[in-house]
Amino acid sequence: MHGEYKVPDGKLVAVDLDVVDGKLSQVVVSGDFFLEPDESLDDIVRALTGLPHTSSVADLAAAINSCLPKDARLLGFSPEAVGIAVRRALGHATNWDDHTFDVIGPVTLDPRLHVALDEVLAARMARGEIGPSLRIWDWDQPLVVIGSFQSYRNEIDEEGRERHGINVVRRITGGGAMFMEPGNCVTYSLLVPGSLVEGLSFERSYEFLDQWVMGALAELGVMARYVPLNDIASDKGKIAGAAQRRLTSGVVLHHVTMAYDIDADKMLQVLRIGREKLSDKGTKSANKRVDPLRSQTQLPRDQIIDSFLKHFESRYSTRRRNYTDDELAAAAELVEKKFATPEWTRRIP
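Throughout this description, residue numbers start from 1 for each chain and increase along the sequence as written. At least 70 in pLDDT is required for a residue's local features to be given in this predicted model, at least 80 for side-chain atom pairs to be given and counted, and no such filter applies to totals for whole chains, interfaces and linings, which use all residues. To get the side-chain values, take all heavy atoms of the structure and skip hydrogens and water.

Some details on the domain arrangement of the chain
As a reminder of what qualifies: The split of the chain into domains comes from an automatic or database domain assignment. Residues are treated as being in contact if the distance between any of their heavy atoms lies within 4.5 Å. When two parts are brought into contact, each loses some accessible area as probed by a 1.4 Å sphere; the total of that loss over both is the buried area. Put simply, a salt bridge is a Lys or Arg side-chain nitrogen that is within 4 Å of an Asp or Glu carboxyl oxygen. Within 3.5 Å is the distance limit for a polar contact, defined as a pair of N or O atoms, with the added protein rule that one can donate a hydrogen and the other accept it, and that residues adjacent in sequence qualify only through two side-chain atoms. Strands are runs of DSSP state E lasting at least 2 residues, helices are runs of H or I lasting at least 4, and numbering of each runs from the N terminus. Any residue that is not Ala, Val, Leu, Ile, Met, Phe, Trp, Tyr, Cys, Pro, Asp, Glu, Lys or Arg is counted as polar, Gly included; the first ten are nonpolar and the last four charged.
The assigned domain composition of the chain is domain 1 (2-90) and domain 2 (96-346). Just the C-alpha atoms count here: the centres of domain 1 and domain 2 sit 35 Å apart. Across the contact, nine residues belong to domain 1 and eight residues belong to domain 2. Both faces considered, domain 1 and domain 2 share a buried interface measuring about 710 Å² in area, 50% of it formed by carbon and sulfur atoms. Counting across the domain 1 and domain 2 interface gives one salt bridge. Our count for the contact surface shared by domain 1 and domain 2 stands at one residue pair in polar contact (both at pLDDT 80 or more). Take the side of domain 1 that touches domain 2: its biggest share by element is four residues, from helix α3 (residues 79-89). Residues belonging to the side of domain 1 that touches domain 2 are distributed by class as follows: four nonpolar, one polar and four charged.

Right, dumping it as structure tokens:
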């Protein structure tokens, strides 16, 4: 059995092994990583040999740590990375190449439908009705999307919201508020099986699931980096924020909103953003715009989205599709019964 894991911004770890009587056997660990002292590789192999094939990544990493000498230096990888490669070899964890992703390009909808579609599509993926997917949001009206755990009154200036005619909806993932007007940002949702992030902490899984978009940004001339926990930034400031939820069904919902050209003056009239939070929005004045994607690429939003989709399709196995009438109907029903109700939107007053 063979498994591989490429550490984000790190090295490749490969593991070959067999299973005899339910235990790991004939273990070989290799890769382009650096390890000192050289003999520590034997310690890693010895730690893994004989462990139950049901061992978790945490179990595997703990065994490796217990066998490594105190002066061991692992450069470009970690005991957890070895554990993930082992789990992939055993078929418990998967990698990108094990899946074919549905790709749904931008379709202009009521933005509340996009919030509901996250839940509808995740449930259908959990039932095996659809596969993993990447979809781009597009919307026909302004909306503020607040995080699952945010307080409505702490985040929303009701007077400003009413003056600008902007609705508010609460999503099912955590994180901060998204100020969305037509054409002012780029938002995508990624649905993947839990096996793809097997053994990864929340912090590491954020970066892992967004490695493709870092490559897409680089092709556009934006040298971005991940800022833990969930921000994407360049040397010119913050570009995007991510949110994620690991559902009990085994599906992971991960989405990202990137600022394209946001009216900061209006945003600050609708959202209650203090100086501390404003510090990472790319503006110090309410008269400025938050426009990292536009200013750093000098490209139209549609061209950026098209480039993102082409980059994703060049890296992974994909198929294009549209939303089905049934999916849209289910999302509309969920908006009416849940996402448009004050009970949900103001569940944290």
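Brief notes about the packing of helix α1 (residues 40-48) against helix α2 (residues 57-67)
To keep it simple, the criterion reads: Every angle, taken between N-to-C directions, lies between 0 and 180 degrees, and every axis is a line fitted to C-alpha atoms, over only the stretch in contact when it is a helix. Roughly parallel covers angles under 35 degrees, roughly antiparallel covers those over 145, roughly perpendicular covers 65 to 115, and oblique covers all other angles. Less than a right angle of anticlockwise turn of the near helix away from the far helix marks a crossing as left-handed, whereas a clockwise turn marks it as right-handed.
α2 packs onto α1 with a crossing angle of 135° between their chain directions and a minimal axis gap of 8 Å. By the angle between their directions, the pair α1 and α2 is classed as oblique. Crossing angle aside, the handedness with which α1 passes α2 is right-handed. Side by side, α1 and α2 meet where Asp43, Ile44, Ala47 and Leu48 of the first sit next to Leu60, Ala63, Ile64 and Cys67 of the second.

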